[in-house]
Amino acid sequence: MNQALEKLDKSMNHLCLYLMKYREDDPRYQQILSALAQQYQACSTLMSLAQDDMNNVYNFKYSDIGDIKSLLTNAGYLEQTPKAKR
């Protein structure tokens, strides 16, 4: 499981680097962003499957999962989590 997560980690890092090459109105930017969203979803699924009583935790070495989540949320690929009311 950790090998698959590491491959996704590296791949998401590469996609983020490719994303910086193009402007937002470029069709390649949208294609890369879509691929990044798919990889993020696959990574989220694997991480939820990897959680067990042993508390196996994968630490991202190559990509910043928080920045990716923010990017995908701002682009409309992910729903914003509702903020707690005070």
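For every chain, the first residue of the written sequence is number 1, and numbering continues from 1 onward in sequence order. Reporting of local features is limited, given that this is a predicted model, to residues whose pLDDT is at least 70; pairs of side-chain atoms are given and counted only at 80 or more, and all residues count toward the totals for whole chains, interfaces and linings. With hydrogens and water set aside, each side-chain value is computed from the structure's full complement of heavy atoms.

## Digging into the pattern of salt bridges
Here comes step 1: Salt bridge, as used here: a side-chain nitrogen of Lys or Arg that lies within 4 Å of a carboxyl oxygen of Asp or Glu. This structure, assessed with the given rule, holds 3 salt bridges.
Here comes step 2: Where Glu6 meets Lys61, a salt bridge forms, and the shortest distance between an N and an O atom there is 3.8 Å. Pair noted here: Glu6 is in helix α1 (residues 2-19) and Lys61 is in the loop between α2 (27-50) and α3 (65-74), with a separation of 55 residues, a long-range link.
Here comes step 3: Where Asp26 meets Arg28, a salt bridge forms, and the shortest distance between an N and an O atom there is 2.9 Å.
Here comes step 4: The classification of residues rests on relative accessible area computed with a 1.4 Å probe and restricted to protein chains. Under 20% of the type maximum is buried, over 50% is exposed, and intermediate values are partly exposed. Assessed through its relative accessible area of 16%, Asp26 is described here as buried. Runs of E in the DSSP output that reach at least two residues are strands. Runs of H or I that reach at least four are helices, and both are numbered from the N terminus.

## Observations concerning the packing of α2 against α3
Axes are the key here: two packed helices are described by the angle between their axes and the distance separating the axes.
Here comes step 1: For the pair α2 and α3, interaxial distance at closest approach is 11 Å and the crossing angle is 125°. Viewed along their axes, α2 and α3 adopt a mutual orientation that is oblique. The handedness of the crossing between α2 and α3 is left-handed. Across the interface between the two elements, Tyr29, Leu33, Leu36, Ala37 and Tyr40 from α2 touch Ile65, Ile68, Lys69, Leu71 and Leu72 from α3.
Here comes step 2: Side-chain classes are defined by residue name, with Ala, Val, Leu, Ile, Met, Phe, Trp, Tyr, Cys and Pro counting as nonpolar, Asp, Glu, Lys and Arg as charged, and the others, Gly among them, as polar. Its residues assigned to classes, the contact of α2 with α3 shows 9 nonpolar, no polar and 1 charged. Lines are fitted to the C-alpha atoms to define the axes, a helix being fitted only along its stretch in contact, and any angle between axes, read from their N-to-C directions, falls within 0 to 180 degrees. Oblique is the label for any angle not under 35 degrees, not over 145, and not in the 65 to 115 range, which are roughly parallel, roughly antiparallel and roughly perpendicular in turn. Take the far helix as the reference: if the near one is turned anticlockwise from it by less than a right angle, the crossing is left-handed, and if turned clockwise, right-handed. Residues count as neighbours in contact if any of their non-hydrogen atoms are within 4.5 Å of one another.

## Considerations on the packing of aromatic side chains
Here comes step 1: Centres within 6.5 Å make a pair out of two Phe, Tyr or Trp rings, where for Trp the six-membered ring is used; the pair is then stacked when the planes are under 30 degrees apart, edge-to-face when over 60, and tilted otherwise. Evaluated as defined, the whole model comprises 1 aromatic pair.
Here comes step 2: Plain terms: the ring middles of Tyr58 and Phe60 are 5.2 Å apart, the flat faces sit at 90° to each other, and that makes the pair edge-to-face.
Here comes step 3: For Phe60, a relative accessible area of 22% translates into the label partly exposed.

## Some words on the nonpolar core
Here comes step 1: Residues enter a nonpolar core if they are buried and are Ala, Val, Leu, Ile, Met, Phe, Trp, Tyr or Cys, with the set joined through side-chain atoms within 4.5 Å. Core analysis: the biggest nonpolar cluster contains 18 residues, and Met12, Leu19, Leu36, Tyr40, Ile68 and Leu72 have the highest contact counts within it.
Here comes step 2: Sorting the residues of this core by element identifies α1, α2 and α3 as the ones contributing at least two each.
Here comes step 3: Top element by residues in this core is α2. It accounts for 8 residues.
Here comes step 4: Among residues more than four places away in sequence, those in contact with Ile68 are Met12, Cys16, Leu36, Tyr40 and Ser63.

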